[in-house]
Amino acid sequence: MSALSEFDYEAALAACAAGERAALQRLYAHEGGRLLGVVQRIVRDAALAEDIVHDACVNIWTRAARFDPARGSARGWIYSVARNLALNAVRDLAREVEVDDDTAAALDARASLEAWHDTADAFVWQDSLGRIGPCLEQLEPVRRNCILHAYVDGLSHNEIARRLEAPLGTVKAWIKRSLAALRECMG
Amino acid sequence: MSTTKTGNIPPEIHELAGEYVLGSLPAARRREVQARLADDLQLQAAVHAWEDRLLPLTGLVEPVAPSPRLWARIERSLDALALSAPRSRPAPRRAWWRWDSLALWRGLTAGGFAIATLLAAVLVGRLAEPPAEARFMVVLVAPDDKAPGWVVQAGASGARQVELIPLGVVEVPRDKALQFWTKAEGWSAPVSLGLVTPGQTLRVPVDALPAVQPDQLFELTLEPRSGSPTGRPTGPVRYIGRAVKVM
């Protein structure tokens, strides 16, 4: 985490709010690759991901003055801007799919090609997860995977249920209980 | 209880906030939460807490190197924003401008298009890639004060799509939505290009429509949240402009 924590995100946002374009450029140079990685993982399309990172940077620039450090971390705010744009984009796409069976079938086929491994090893564990790491480890693997498929892969309840071949209601209940357990564990 | 800071957030708020930040909610529920966030302090606090709790999970994703063009594109958008920032003077409020209002177009011709042309020149001057087909640029301005609010690009990426790019953040009442329309000369009525999310770029495939023509009208009207019930604009025009062909 050391490389990440050395960058002063809060100062970067304050400088953006003051109209210093160099601050946004520094933020982009430091975080652009990871932002793009996170967004691309959710939208699964390289061109769309760049569109969204573009929109996110413009949003960060125009809304930086509204960031309030008392309410959360600057880095969390930056990622929430990008992730919300990405999630809105994939959810809106999914809404079209509901009325278009051909597209839905094509998406299903594409999904099945993506070689998901929904076992206990669906995600590679790293030591850098900080406080959430041990808390996630206390969850049963399948519930942990629900959380990670949602947050990291941007999958909806429905998509997770299909992926895990579990009933939708069960998946919803797993997620609710996992979130409650994480909140209790992390405070 | 609701206004004194945020103490004692009920569990169901934590739960909703958690699912929202996690991203697993379906589109309609997401929009509901986003609308509620505007004035629900407890929900805001719970969402921020979840954003920070879950943030380390972004570390599970490998970074992807952006193409060198991406930063240049961001800078172009910031240039456009900088140009539009000094808003023109406020004018008397007039709602219900219509497509064919002569006064509106006289007004725009006098004021708005100077800004539009300047903005188009700056944007186009900085476009790096060679054009694939005829490109059109539209600056949508508010009928009241001619302040530019959105840029429309057509044919810019070679694809048959229209891009609606926000130049700033606009406020839309909670029970309303902005709807995007276009009408070319000779069409009997405007065609909807979809609902607009404030602050977000909208990209609309236009394969089913004829190619964009010079002077084609584009506008954003204020409609019920689920869009115009009649398939034609029913609410006041919030932003409007005509297509200009660019090199």
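Just above, that's the structure.
Residues numbered from 1 in each chain as written. Chains lettered and ligands numbered in written order. Predicted model: local features only at pLDDT ≥ 70, side-chain atom pairs only at ≥ 80, totals over all residues.

## Description of the overall build of chain B
Here is step 1: When you go through chain B residue by residue, the secondary structure sums to six helices and nine strands.
Here is step 2: In chain B, which comprises 247 residues, the share counted as buried stands at 37%.
Here is step 3: Here the analysis covers contacts within chain B between residues at least 6 apart in sequence; of these, 65% occur between residues at least 24 apart. (Helix = DSSP H or I, 4+ residues; strand = E, 2+ residues; numbered from the N terminus. Buried ≥ 20, exposed ≤ 12 C-beta atoms within 10 Å, placed from the backbone. Contact = placed C-beta atoms within 7 Å.)

## Here's the deal with the interface of chain A and chain B
Here is step 1: Contact residues are listed per partner, giving 58 residues for chain A and 42 residues for chain B.
Here is step 2: Among the elements of the structure, α3 (21–43), α4 (46–63), α5 (74–97), α8 (141–151), α9 (157–164) and α10 (168–186) of chain A are those that each provide at least two residues to the side of chain A that touches chain B.
Here is step 3: If you tally residues by element for the side of chain A that touches chain B, the top one is α5 of chain A, at twelve residues.
Here is step 4: Each residue belonging to the side of chain A that touches chain B can be placed in one class, and the counts come to 25 nonpolar, 18 polar and 15 charged. (Nonpolar A, V, L, I, M, F, W, Y, C, P; charged D, E, K, R; others polar.)

## Examining the packing of helix α1 (residues 11–22) of chain B against helix α3 (residues 41–54) of chain B
All names here are of chain B.
Here is step 1: Direction vectors running N to C along α1 and α3 enclose 50°, while the axes themselves pass 8 Å from each other. The orientation of α1 with respect to α3, classified from their angle, is oblique. Where α1 crosses over α3, the handedness of that crossing is right-handed. The residues of α3 that touch α1, namely those facing Ile13, His14, Ala17, Gly18, Tyr20, Val21 and Leu22, are Gln42, Leu43, Ala46, Val47, Trp50, Glu51 and Leu54.
Here is step 2: Taken together, the residues that form the contact of α1 with α3 break down as ten nonpolar, three polar and one charged. (Axes fitted to C-alpha atoms, helices over the stretch in contact; angles between N-to-C directions. Parallel < 35°, antiparallel > 145°, perpendicular 65-115°, else oblique. Left-handed = near helix turned anticlockwise from the far one by under 90°.)

## Quick look at the nonpolar core
In summary, soluble globular proteins display a tendency toward joint burial of nonpolar side chains.
Here is step 1: By size, the foremost hydrophobic cluster in this structure holds 64 residues, and its most contacted members are Val39 and Ala82 of chain A.
Here is step 2: Counting residues per element, this core draws most heavily on α5 of chain A, which supplies eleven residues.
Here is step 3: Ala147, Leu167, Trp181 and Leu193 of chain B belong to the second largest nonpolar core, which has 31 residues in total. (Core = buried A, V, L, I, M, F, W, Y, C linked by C-beta atoms within 7 Å.)

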